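Below are the chains, spelled out letter by letter.
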Amino acid sequence: MLLLKNGKLLEGGKLITKDILIDNKNIIAIEEHIEKENVEIIDLKGKFVFPGFIDVHVHWREPGFSHKETIYNASRAAARGGFTTVMPMPNLNPVPDTYDNLKIQLDLIERDSVIRALPYGSITKGELGEDYAEFDELANHVFAFSDDGRGVQNANMMYQSMKIAAKLNKAIVAHCEDNSLILGGCMHCGKRSKELNQKGIPSVCESVQIARDVLLAEDTGCHYHVCHVSTKESIRIIREAKKAGINVTCEVCPHHLISDENDIVEATGMWKMNPPLRSTEDRQALIAGVLDGTIDIIATDHAPHATYEKELPMAESAFGIVGSETAFAQLYTYFVKTGIFTLEQVINMMSRKVSEIFDLPYGKLEVGSFADIVVIDLDKKETIDPNKFLSKGRNTPYAGEEVYGIPVLTLCEGNIVYQDNDSL
Ligand SMILES: [Zn+2]
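Along each chain, residues carry numbers from 1 onward, in the same order as the chain's sequence is written. Side-chain atom pairs in this predicted model are given and counted only at pLDDT of 80 or more, local residue features only at pLDDT of at least 70, and totals for whole chains, interfaces and linings cover all residues. By convention in this description, side-chain values take in all heavy atoms of the structure and omit both hydrogens and water.

**Regarding the pairing of strand S2 (residues 14–23)**
For step 1, the next point in the chain: Only strands joined by at least two bridges in the DSSP assignment are considered to pair. Each helix corresponds to a stretch of at least 4 residues labelled H or I by DSSP, and each strand to a stretch of at least 2 residues labelled E; elements are numbered beginning at the N terminus. Sheet analysis places strand S1 (residues 2–11) next to S2, joined by eight bridges and oriented antiparallel. For Glu-11, the partnering residue across the bridge sits in S2 and is Lys-14.
For step 2, the next point in the chain: Where S1 folds back on S2, the antiparallel hairpin that results is connected by two residues, among which Gly-12 adopts a positive phi of roughly 55°.
For step 3, the next point in the chain: Direction of pairing for S2 relative to strand S3 (residues 26–31): antiparallel, over a ladder of five bridges. Along S3, the bridge assignment pairs Asp-19 with Glu-31.
For step 4, the next point in the chain: Counted between consecutive antiparallel strands, the loop separating S2 from S3 contains two residues, among which Asn-24 sits at a positive phi close to 60°.

**A few points about the pattern of salt bridges**
For step 1, the next point in the chain: Put simply, a salt bridge is a Lys or Arg side-chain nitrogen that is within 4 Å of an Asp or Glu carboxyl oxygen. For the structure on display, the rule yields 22 salt bridges.
For step 2, the next point in the chain: Put simply, Glu-382 and Arg-80 hold a salt bridge, and the shortest N to O gap is 3.7 Å. In this pair, Glu-382 is assigned in strand S15 (residues 373–383) and Arg-80 in helix H1 (residues 71–80), connecting sequence segments 302 residues apart.
For step 3, the next point in the chain: Buried residues are those whose accessible area, probed at 1.4 Å on protein chains only, stays under 20% of the maximum for their type, while exposed residues exceed 50% and partly exposed ones sit between those limits. Here Glu-382 falls in the partly exposed class, since its relative accessible area comes to 26%.
For step 4, the next point in the chain: For Arg-80, a relative accessible area of 15% corresponds to the buried category.
For step 5, the next point in the chain: In this structure, a network of salt bridges that share partners links the residues Lys-25, Arg-116, Asp-372 and Glu-413.

**Observations concerning the coordination of the zinc ion**
For step 1, the next point in the chain: Any N, O or S atom lying within 2.8 Å of the metal counts as a donor, and for Na, K and Ca the limit rises to 3.2 Å; water is left out, so some sites can look incomplete. The protein atoms donating to the zinc ion are Asp-148 (OD), His-175 (ND1) and His-228 (NE2), with metal-donor distances spanning 2.0 to 2.3 Å.
For step 2, the next point in the chain: Taken in sequence order, the residues that donate to the zinc ion follow the motif D-x26-H-x52-H. Placement of the pair is Asp-148 in the loop between helix H3 (135–139) and helix H4 (155–167) and His-228 in the loop between strand S12 (224–226) and helix H7 (232–243), with a sequence separation of 80 residues.

**Quick word on the packing of H1 against helix H2 (residues 99–112)**
For step 1, the next point in the chain: Lines are fitted to the C-alpha atoms to define the axes, a helix being fitted only along its stretch in contact, and any angle between axes, read from their N-to-C directions, falls within 0 to 180 degrees. Packing of H1 against H2 brings their axes to within 9 Å, and their N-to-C directions diverge by 60°. On the basis of their axis angle, the class for H1 and H2 is oblique. In terms of crossing hand, the pair formed by H1 and H2 is right-handed. Each of Ile-71, Tyr-72, Ser-75 and Arg-76 in H1 lies in contact with H2, whose residues at this interface are Gln-105, Leu-108, Ile-109 and Asp-112.
For step 2, the next point in the chain: Gly counts as polar in this scheme, as do all residues outside two lists: the nonpolar Ala, Val, Leu, Ile, Met, Phe, Trp, Tyr, Cys and Pro, and the charged Asp, Glu, Lys and Arg. Of the residues in the contact of H1 with H2, the class split is four nonpolar, two polar and two charged. Reported orientations rely on four angle classes, namely roughly parallel under 35 degrees, roughly antiparallel over 145, roughly perpendicular from 65 to 115, and oblique for the rest. For any helix crossing, the convention is left-handed if the near helix is rotated counterclockwise from the far helix by under a right angle, and right-handed if that rotation is clockwise. The criterion used for residue contact is that any of the two residues' heavy atoms lie within 4.5 Å.

**Remarks on the state of the cysteines**
For step 1, the next point in the chain: To count as a disulfide, a pair of cysteine sulfur atoms needs to be within 2.5 Å. Across all of its chains, the model carries zero disulfides by this definition.
For step 2, the next point in the chain: Looking at Cys-205, it has no disulfide partner, and the nearest cysteine sulfur is the one in Cys-176, 9.8 Å off.

**Some points on the side chain of Glu-309**
For step 1, the next point in the chain: Along the chain, Glu-309 falls in helix H10 (residues 307–310).
For step 2, the next point in the chain: Taking the relative accessible area as the measure of exposure, Glu-309 reaches 15% and is therefore buried.

**What to know about the environment of Met-314**
For step 1, the next point in the chain: Within the element layout of this structure, Met-314 appears in the loop between H10 and helix H11 (327–336).
For step 2, the next point in the chain: Its relative accessible area of 0% is what places Met-314 among the buried residues.
For step 3, the next point in the chain: Setting aside its immediate chain neighbours within four residues, Met-314 contacts Cys-186, Met-187, Gln-198, Ile-264, Ala-267, Thr-268, Gly-269, Trp-271 and Lys-272.

**A closer look at the packing of aromatic side chains**
For step 1, the next point in the chain: Two rings belonging to Phe, Tyr or Trp (six-membered ring only in the last case) form a pair when the distance between their centres is within 6.5 Å. Interplanar angles under 30 degrees mark stacking, angles over 60 mark edge-to-face geometry, and anything in between is tilted. Across all of its chains, the model carries eleven aromatic pairs by this definition.
For step 2, the next point in the chain: Look at Phe-48 and Phe-50: their rings are 6.5 Å apart centre to centre, the planes differ by 10°, and that puts the pair in the stacked class. Of the two residues examined, Phe-48 and Phe-50, each falls in the buried class.
For step 3, the next point in the chain: Judged by centre distance (5.5 Å) and plane angle (25°), the rings of Phe-53 and Phe-328 are stacked. Taken together, the residues Phe-53 in strand S6 (residues 53–58) and Phe-328 in helix H11 connect sequence positions 275 residues apart. Here Phe-53 matches Phe-328 in class, with each residue buried.
For step 4, the next point in the chain: One aromatic cluster is present, built from ring pairs that chain together Phe-53, Phe-83, Phe-328 and Tyr-332.

**Quick word on the sheet that holds strand S13 (residues 248–252)**
Strand pairing in a sheet relies on backbone hydrogen bonds. The paired strands run either parallel or antiparallel.
For step 1, the next point in the chain: Strand order in this open sheet of four strands is S9-S12-S13-S14, and the pairing throughout is parallel. At either end of the open sheet lies a strand with only one pairing partner, and these are strand S9 (172–174) and strand S14 (297–298).
For step 2, the next point in the chain: With two bridges joining them, S13 and S14 adopt parallel strand pairing. Counted as the bridge partner of Val-252 is Ile-298 from S14.
For step 3, the next point in the chain: In this fold helix H6 (residues 204–220) packs onto S9, S12 and S13, with an angle of close to 165° to the strand it touches most, S12.
For step 4, the next point in the chain: In the packing of H7 onto the sheet, contacts are made with S12 and S13, and the angle to S13 comes to roughly 150°.

Shown next, in the form of structure tokens:
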């Protein structure tokens, strides 16, 4: 048994100091004072205790791309960021489009991950958009279906996939990108792409596919979840779709809330991600989307790459930045400390709301729930230093930034999966 003493818990918007008793995988008591002998005790000294975070969008790169990231490193990086459940995307080699392929990934997770990882199955074979993945044999073993990394180009293919997913009671989680509208771009098509003389990806590249898909979701009744929304038009479409009663949800990444095209000083690979950082107006629309509930959850799109794939001019670099180890601290620093979002909003969007929209038994801090817990020192300040990342990926444009709100202890099913010994 493990007893966490003197943690501050968020209950009904208030912070209350309590003790938490854990037996095996579960929380068995949360009370103001718990006295128990012969148990391991950690005194949290008034630090903040939240449900372990859930990230529905990570790239763990194995099998197939262990030069970028490994499940061993990625899971420890996620634990350091306070995550206890993550959903690895299927743009792997082999792509988990059959049970046999998925089994390779499941075995690696079983062997190397310190936290819970629930992989996606792909929507199409090899994510090539030509033939369907084996939905039936995958359904019982995957979190949902996605072709993340690319959009499903053919409308009927998306239509049929949604029909099948609805029958199997699984969500379609869509990376929305119309290939005919990428136009060879490497950053947002706007003011900065002109100034930096780079080819731009227009906002419609994302939004037209979301518009198509919400109508397909309406017709099929499928739970349609949009990955990493980045444009104001995407927000408008999703807001209207929700009003119309369509079963659509969406996520936003910390970097799209924090930064926009104007932060791109130089056209280097570190600022290259997909979708790209859009205009200030788009970024403001995303913040408004969080505030009015159009945006349901936060997801990192943790996308590690090898240094040689990112230390390049923007046009030649790979897309993506890492996010697992900086997500909460950045959101806390830029949005909670400044009074734009409440602490509760951010925590919920990283835990309870994720569970609600996907009907998962995680993201709760209650007697009987899994002991998935993150302890955060909200006053602790750190400078983002990629050399200290547990992830193999060092690709972040935020190196050197000062952030507050550092996870110091993470438990997954009662096991300590990350501990900052200097802080506890
Ligand atoms: Zn994506």
